[in-house]
Amino acid sequence: MTDDFKTQLQNVKDQYYLDAGGGISLPVAGAIYWIALAALSRYLPPADWALTAAALSGMIFPLGLLLQKPLASPFMKSKSPIAGVGLLSVMSINMLWPVHFIVLGISPDAAPLSLAIGMTLHWPVIGWTYGSRVCLIHAIARVAAVSVLWYAFPEGRFDVLPLTVAALYLLAAGGMRWELGRLRRKKGLQATAMTEQPA
Amino acid sequence: MKARLQNVKTQGRWWRHLSPHRPWIYLVYLVLPFAPWFYGVPAGETLAVTIVATALFLCLFVFAMIRRDWTSLPAALAVQLLGFWLLGVNPGAAVYLIFAVAMMARIRDRQWQRIGLAAWLAALVAGCLATGVPWLYGLAYLVFGAIIAAATAWSARSEEREAVREEMEADAAARAVEAERQRIARDLHDLLGHTLSVVTLKADLANRLFDADPERARAELAAIQQIGRDALAEVREAVTGLRVRPLAEVAGEIAGRLRDAGLEVSLDLPADANLSDMAAGAFGMVVREGATNVLRHAGARRVAISLHTDAAGLVLTLADDGRGGARFAGRGLDGLRQRLAEAGMTLHTARGLDGRGSALRAVWPAGTGDTAS
C-alpha cells in the first residue's frame, strides 16, 4: 500500500467523519434504548424483558434519524464511498438474532449480556470508517464491563448492566464530539497553512 | 412496476432498498411472532395461525408500500386489527401494531397521512381497552409507534427530496449538454455565415476580374485562402470553446473584410476598453452577425462600429446607411437575441446612419465592471 493511497484513504475517512458529524445521534439513541430497558426491568420478568429488548432494538436507528438535527450529526446525508462498509457491519450484527433468540429462550438471564455484546460488534468497523479510536475503545470497554458485571453482579443484570451500557454510549458520544473538534481544528490549520504558503 | 424494478437492477442500486432508513429491511422483525418457537414448541394451531397472519400481513404491507395513498389507511388498520387479534396467543404479534403505524406514515398525501396516524392512535387505544392490554404495554406501543412514525415520515420525505434532486441534476446535465450543442451550432452559424458571405463576394469578384485584371483576381484568391484559414481556426475555437478573442481584434478583422467588399468602415473602439471574456465574446457575435446582414441584405456604402458607455451600460452599435429592415428580424437575429439574453444582454434595432439603413444596439448592463474606457 503506497503512502499516497494511505493519505488519500485517511482524507476520505476524515471527510466522512466531518460530514456525518460523527454520527453521534446513534450512540445517543442507543443510550436511550438501554435506559428504557433498565426502567422496564422494574416491571417485566426476565423472559418478557428479553422479548421486549429484542422488539425495542428496532427503535434505535429510527430514533437516531430523528436526533440527527438536534445533535448536528447528519450521518444519512454523507455520500462517502466508505459509508457502505458501516451499513454492511450493521447488517452483520443483525445476523446474530437467531443466536440471541436461543439465548433469550433458554436462558433469559443471559439476554442482557448477549444483546450488549452482540450489538457492539459493528463499533470497531464504524470506527475504522471514521478513523476514530473512540469507537474501538468503546467496543472493548463495553465487552469488558458487561462481562464483569454479568458474572460479578448477578442481581444487577437487568438494570445496572443496561445503565452501564447507556453510560458507555454517552461517553463514546462525548469522545467522538471531542475527536471531531480536534479534526476540525487540524483541517482548519491545514487550510491556513496552504493559503499562507510563499509564492 | 416491472420497468421500475428493472431500472433499479440495471442501475445496480437494489441494495439501497436494504438501507436502514427504508422500510423493507425492518421485515426482519417478522421473526418476532415466531420467537416462541426458538425456546418451546407452542401449539400447532398457533403456528398455523401465525403463518397465515404473516402471509396476510405481507400482502397488506407490500400493497401499502407500493400505493402510499389513502388505500394504505384501511390496509394499515387491517394489520393493526390482525395484531390485536393475535396478541392473545402470540405476544410477538405486537410487532404488527408498529408496522401499521409505519404504513400510515409512508402515505404521501400529508392530509391522509395525518388522518391515518390519528386513526392508528384511536385504534391503539380501542384495541388496548378491548383486549385488556396492561397500561405499560399500551404506553410502550404508543411511544415506540410515535418514534417509528416520525422517523418513517422523515425518511419518506428525505427519499422524495433525493428523487427530486436527482431528477433536477439529470435535467440540468441534459440542458447543459443541449445548451453546449446549441452554442456550437450558433457559433458555427455566426462564423461560417459571415465568412462564407465574404468568400462568396470575393470569389465573385475574382471571377469577374480573372481576364480583365489577373493580378487583382490573384490577390482576391489569396484573400479567400487566408479567410478560409482564419475561419478554420475560429471553428476549432468555437467547438472547443477555448479562446475568446478580444473585441478589437474581431472588429478589426470584420472591418477589413467589409472594406474589401467596398464599404467605408469607421471603427470607434476605445483602446483601453476593459471587457470581460463574456462581454467581448457577446459583442464579437453582434459584430459578426451585423456585418453578415450588411453584406447580404443592406446594400450599404458606409458602416460604423462603435463602443461607448451610457446610462444603460456598455453599448455596442453597428449601423449602416443601406436599405434598412433589420427590425424585421430573421433567424440569425433571433438566435443572436436569445444568446445575448442568456448573457444578460439586450439587443435593439433602430434606424442607421443619417436616418437611413439599420443599426444594431447591444447593451451590456451597467454595474458589471466592464467599461469602454
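Definitions and limits used
Residues numbered from 1 in each chain as written. Chains lettered and ligands numbered in written order. Predicted model: local features only at pLDDT ≥ 70, side-chain atom pairs only at ≥ 80, totals over all residues. Heavy atoms only, no water. Contact = heavy atoms within 4.5 Å. Buried area = accessible area lost by both parts, 1.4 Å probe. Salt bridge = Lys/Arg side-chain N within 4 Å of Asp/Glu carboxyl O. Polar contact = N/O pair within 3.5 Å; in protein donor to acceptor, adjacent residues only side chain to side chain. Helix = DSSP H or I, 4+ residues; strand = E, 2+ residues; numbered from the N terminus. Nonpolar A, V, L, I, M, F, W, Y, C, P; charged D, E, K, R; others polar. Phe/Tyr/Trp six-rings, centres within 6.5 Å; stacked < 30°, edge-to-face > 60°. Buried < 20%, exposed > 50% of the residue type's maximum accessible area, 1.4 Å probe, protein only. Lys NZ or Arg CZ within 6 Å of the ring centre and 35° of its normal. Pairing = 2+ DSSP bridges. Axes fitted to C-alpha atoms, helices over the stretch in contact; angles between N-to-C directions. Patch = residues over 30% accessible without salt bridge, like charges linked within 9 Å, V, L, I, M, F, W, Y side chains within 5 Å. Areas by Shrake-Rupley, 256 points an atom, 1.4 Å probe, with all protein chains shown as cover.

*Asks:* Help me out: how do you make sense of the interface of chain A and chain B in this one?
*Replies:* Interfaces are often sized by the accessible area lost when the parts come together. On the chain B side, the residues contacting the 27 residues of chain A number 25 residues. A combined buried area of about 2,300 Å² lies between chain A and chain B, and 83% of that area is made up of carbon and sulfur atoms. Here chain A and chain B share zero salt bridges between them. Viewed at the interface, chain B and chain A are joined by two residue pairs in polar contact (both at pLDDT 80 or more). Secondary structure elements with two or more residues in the side of chain A that touches chain B: α3 (46-56), α4 (60-66), α5 (83-94) and α6 (97-106) of chain A. Take the side of chain A that touches chain B: its biggest share by element is six residues, from α6 of chain A. Of the residues assigned to the side of chain A that touches chain B, the class counts are 21 nonpolar, four polar and two charged.

*Asks:* Looking at this model, I keep getting lost on the packing of aromatic side chains. Mind explaining?
*Replies:* Each aromatic ring pair is summarised here by two numbers: the centre-to-centre distance and the angle between the ring planes. All names here are of chain A. By the definition in use, this model includes 14 aromatic pairs over all chains. With a centroid separation of 5.6 Å and 85° between ring planes, the pair formed by F61 and F75 is classed as edge-to-face. Of this pair, F61 sits in helix α4 while F75 sits in the loop between α4 and α5, and the two are 14 residues apart along the sequence. F61 sits in the buried class, given a relative accessible area of 16%. Here the basic side chain of R157 rests over the ring of W150, its NZ or CZ set 3.7 Å away from the ring centre.

*Asks:* What is the right way to read the sheet that holds strand β1 (residues 264-268) of chain B from this model?
*Replies:* Sheets are built from strands that pair by backbone hydrogen bonding, the pairs being arranged parallel or antiparallel. Residues and elements named next belong to chain B. Pairing is mixed in the open sheet, where five strands are placed in the order β1-β2-β3-β5-β4. In this open sheet, the two edge strands, each paired with only one partner strand, are β1 and β4 (346-351). The sheet shows a mean angle of 15° between the axes of neighbouring strands, taken without regard to direction. Two elements, β4 and strand β5 (residues 358-365), share six bridges in a ladder whose sense is antiparallel. For A350, the partnering residue across the bridge sits in β5 and is A359. Helix α8 (residues 247-260) rests against β1, β2 (302-309) and β3 (313-320) of the sheet, and its axis sits at about 165° to β1. Those strands touched by helix α9 (residues 277-298) are β2, β3 and β5, and its axis lies near 15° from that of β3.

*Asks:* When you look at a nonpolar patch on the surface in this model, what are you seeing that I'm missing?
*Replies:* On the surface, a nonpolar cluster with roughly 830 Å² of combined accessible area is contributed by Y43 of chain A together with L121, V125, L129, W135, L139, L142 and V143 of chain B. Every element with two or more residues in the nonpolar patch is listed here: α5 (110-131) and α6 (135-212) of chain B. Element by element, the count of residues in the nonpolar patch is highest for α6 of chain B, at four residues. Topologically, L129 of chain B is positioned in helix α5.

None of this, on its own, says anything about what the molecule does.
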